Amino acid sequence: MRRLRVESAGPRTTVEDLGRRGVARHGVPPGGAFDPRALVEANRAVGNPDSHAGLEVTFEGPSLRNDGDEPLLVAVAGGRLEFGAREAGTRGLLEPGEIARVAKPLPGARAWIAVEGGIDVPVVLGGRSTCPSGGFGGVGGRPVVAGDVLPVGPSPGASARATHPPPASPAGPLGRTLALLRILPGPHFGLFPSDPVRLLESTLWVVGPDSDRTGVRLRPIDPLVTARIERPAGVAPQGTVAGALQLPPDGSAILLGPDRPVTGGYAMPAVLARADIGVLARLRPGDRVRLARIDLGTALACFHGAPRAPAFGKASATAPLDGVPARARIDLNADVGEGFPEDDLLPWLSSASVACGAHAGDPETMRRTIELALARGIAVGAHPGYPDREGFGRRMTTRDPDEVRALVETQVRVLDDACRAAGSETAYVKPHGALYNLASADPALARAIAEAVGRSLPGRAVVLAAGSPGLASLVEAGLPAVGEAFVDRGYRDDGSLVPRSEPGARIEDPDEAARRAVALAREGTVRSAGGRILRLAPDTLCVHGDTPGAAAIARTVRTALECAGVTIESFAAGLPSRARIW
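Residues numbered from 1 in each chain as written. Predicted model: local features only at pLDDT ≥ 70, side-chain atom pairs only at ≥ 80, totals over all residues. Heavy atoms only, no water.

## Brief notes about the nonpolar core
(1) Moving on: Residues Leu415, Leu541 and Leu561 are the most contacted members of the largest nonpolar core, which totals 73 residues.
(2) Moving on: Examining the composition of this core, we find that seven residues originate from one element, helix H9 (residues 443-456), more than from any other.
(3) Moving on: Excluding its chain neighbours within four sequence positions, the residues that come into contact with Leu415 are Val354, Ala355, Cys356, Met366, Ile370, Val380, Gly381, Ala382 and Thr426.
(4) Moving on: Within the second largest apolar cluster, 39 residues are counted, among which are Ile183, Val216, Leu245 and Ile277. (Core = buried A, V, L, I, M, F, W, Y, C linked by side-chain atoms within 4.5 Å. Buried < 20%, exposed > 50% of the residue type's maximum accessible area, 1.4 Å probe, protein only. Helix = DSSP H or I, 4+ residues; strand = E, 2+ residues; numbered from the N terminus. Contact = heavy atoms within 4.5 Å.)

See below:
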């Protein structure tokens, strides 16, 4: 006799397999595991065929007692198991009478449990999954409750699981960082008067509390974005697929799940890449989400097992070098508030360096730029420069350390006052133009700037060129400093930037900038104009706001980084920001 007794069920635990096929014409949703790959991973870990039914856990639970007379091998994908006082990780043997619990809390919204032999409930319409709308499948068409007894099928034998490792231990909660959901044009894309995906990409989204297996509802941080989407009129109901993105009239976006209606009447301008269904399944209410467009080739490559890497032409020519570790996260910043169009640029950043009124900017521009950045959860930094509006701060006006100290301190205080009026604080300081270049090359000027920052904003970091003498002097002195590299500027063999007056100074091709960004983030290197590999190991990457097509470059760079597995996160994320309420 092989069976499990449910001691406690958690908020919602259901029996799920890989879903029903060919039943939509009868008005029956396909159902099945929200993340089919996770269920397959758990099944393989216990030696089951991929299609065997298991349990899908939502938020927490369950506790399962082996109510039979022989041991049962159990595995979980998306969580960890505890067996009494011992913790078995993601797979373990459950002895007769012993209880297995899913450890709390789950890192995501859901986890998937498999037991060798599978949950052997009756097959209905070709599947064992729970269908709440029809009241059939699983255990009476409902979530399991305490006291339910779940029959377990015959063991497939130890040889069936011999080559499959246990599921990987889950990562931390998604809510710590932005979740990336990659989308493609959907069935109604061509009916929209203008490109709706561009607007969907331009804001952050928050997962709503009214999300479930029918669909995950996303609400925009900036409601004006969805208000600007011109929806087509008279869209006829048609079939739906998992991950289809619907735009209801309340300004939200809904990504459909496995229990979705078989037809939908809302316009569907986009569809989620199948490789990201697992990310969607794990989103919790309050998690922040970014939508990013990819092409069909990239979506297919990711789904069929290729690494999450960008499809931007050839792979980087830069190979990992000894002593330069691959990075898991990096900051993406831009110089803003300088009079260039920035509404489409800001959503792709994690930090924004705002001009302080000397080389560019004014009180109203600072206020508006800070408000836009904070609304998107972006860290705000001060961007002081020489008082040189005619030359855009690219001409030196003084090298005297005392004068530099005074002009930086004055500008930083102005920006910080504007930040505080908006309910936040200045997170860092990054000099502009000639002041940046001189401070990166001259340790004395670097220290003068750091001293000014220390007086005005104690503990805040100064951003200078990665690998520069100025940055090294601050690090050696124990002062907070951050190394920066540029994805849209060419480098000389000595590590300095190619002067703007020379060919190759600016990188305006978004794909080329993306390749450079991935190499800098993952390997810490960039290829100079002369073909030399420079070791920079930056902590932040910059896109210049005045570069032509800066928004397209930032979007392509961010998508490439996230597709390559790099988390975009401000180095100053610990400071308060009005938008960090989740």
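## Details of the sheet that holds strand S20 (residues 288-293)
(1) Moving on: Read around the closed barrel, seven strands run S12-S19-S16-S17-S14-S13-S20, paired in mixed fashion. Sheet twist, expressed as the mean angle between neighbouring strand axes with direction ignored, is 40°.
(2) Moving on: Where strand S16 (residues 244-246) lies against strand S17 (residues 253-256), two bridges are found, and the strand directions are antiparallel. Following the sheet pairing, Leu245 is matched in S17 by Leu255.
(3) Moving on: Seen against the sheet, helix H12 (residues 550-563) touches strand S12 (179-185) and S20 and runs at an angle of roughly 110° to S20. (Pairing = 2+ DSSP bridges. Axes fitted to C-alpha atoms, helices over the stretch in contact; angles between N-to-C directions.)

## Here's the deal with the packing of aromatic side chains
(1) Moving on: Under the criterion given, the structure shown has three aromatic pairs.
(2) Moving on: Between the aromatic rings of Tyr436 and Phe486, the centroid separation amounts to 5.8 Å while the plane-to-plane angle is 75°, which identifies the pairing as edge-to-face. One end of the pair, Tyr436, is in helix H8 (residues 433-441); the other, Phe486, is in strand S26 (residues 481-486), and 50 residues separate them in sequence. Judged on exposure class, the residue Tyr436 and its partner Phe486 are both buried. (Phe/Tyr/Trp six-rings, centres within 6.5 Å; stacked < 30°, edge-to-face > 60°.)

## Things to note about the packing of helix H7 (residues 401-421) against H9
(1) Moving on: The contact between H7 and H9 brings their axes to 8 Å, and the two run at 40°. The interaxial crossing formed by H7 with H9 has right-handed handedness. The segment H7 lies against H9, with Pro401, Val404, Arg405, Val408, Glu409, Val412 and Arg413 engaging Leu445, Ala448, Ile449, Glu451, Ala452, Arg455 and Ser456.
(2) Moving on: Here the contact of H7 with H9 is built from residues that sort into eight nonpolar, one polar and five charged. (Left-handed = near helix turned anticlockwise from the far one by under 90°. Nonpolar A, V, L, I, M, F, W, Y, C, P; charged D, E, K, R; others polar.)

## Some words on the pattern of salt bridges
If charged atoms from side chains of opposite charge come close, those side chains can pair.
(1) Moving on: Scanning the entire structure with this criterion turns up 39 salt bridges.
(2) Moving on: In this structure, Arg142 and Asp148 form a salt bridge, with 2.9 Å as the shortest nitrogen-oxygen distance.
(3) Moving on: Judged by relative accessible area, Arg142 falls into the partly exposed class, the value being 31%.
(4) Moving on: Classification of Asp148 as buried rests on a relative accessible area of 11%.
(5) Moving on: With a shortest N-O distance of 2.7 Å, Asp335 and Lys430 are connected by a salt bridge. Highlighted residues: Asp335 in strand S21 (residues 329-336) and Lys430 in the loop between strand S24 (428-429) and H8, separated in sequence by 95 residues.
(6) Moving on: Looking at Asp335, the relative accessible area reads 5%, which means it is buried. (Salt bridge = Lys/Arg side-chain N within 4 Å of Asp/Glu carboxyl O.)

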